[in-house]
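Read off the chains here:
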Amino acid sequence: MSILSYNKVIDLFNDPYYSVSLQLEGNSYEMSFLWNERTKRFHATLTKQNGVEIFTGIQVNMLTDFPAVSTAKNNGLTGSFILCPLDPTFVETDETYRSWADYFVLMYKIRVPK
């Protein structure tokens, strides 16, 4: 059995706070992003359609896939969110994270049997 990788692109904006509606693995979610001046990063919260929070205030950067695998699996998600640069040669700075829609793509990545 071979495995396929499925990537769903999530819209990024440079607004200090915004939300997007998502369909992930057949379920509806809302993902909100809040810019944090102290950490100089966006923080994400994912909520099911019924209001149950999957994760809250997770700092988004290129070093981490989020959420933790156990958190996702406990809530029916088998993939992870990954922030990737549009240009792999660019240099990370606080400003590139603040204007992240200009420099990054955020994906939900899941592997499915072929």
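Residues numbered from 1 in each chain as written. Predicted model: local features only at pLDDT ≥ 70, side-chain atom pairs only at ≥ 80, totals over all residues. Heavy atoms only, no water.

Caption draft 1: Quick peek at the environment of Gln 59. Along the chain, the position of Gln 59 falls in strand β5 (residues 53-59). Its relative accessible area of 31% is what places Gln 59 among the partly exposed residues. When the C-alpha atoms of Gln 59 and Lys 40 are compared, they prove to be 9.5 Å apart, with 19 residues separating the residues in sequence. (Helix = DSSP H or I, 4+ residues; strand = E, 2+ residues; numbered from the N terminus. Buried < 20%, exposed > 50% of the residue type's maximum accessible area, 1.4 Å probe, protein only.)

Caption draft 2: Layout of the pattern of salt bridges. Per the stated rule, a full pass over the model turns up two salt bridges. A salt bridge links Lys 40 to Glu 37; the nearest nitrogen and oxygen atoms lie 2.8 Å apart. By relative accessible area, Glu 37 is classed as exposed at 51%. (Salt bridge = Lys/Arg side-chain N within 4 Å of Asp/Glu carboxyl O.)

Caption draft 3: Representation of the environment of Ile 54 in the model. In this fold, Ile 54 is placed in strand β5. Classification of Ile 54 as buried rests on a relative accessible area of 5%. Note: C-alpha distance between Ile 54 and Gly 76 (22 residues apart in sequence) is 9.6 Å.

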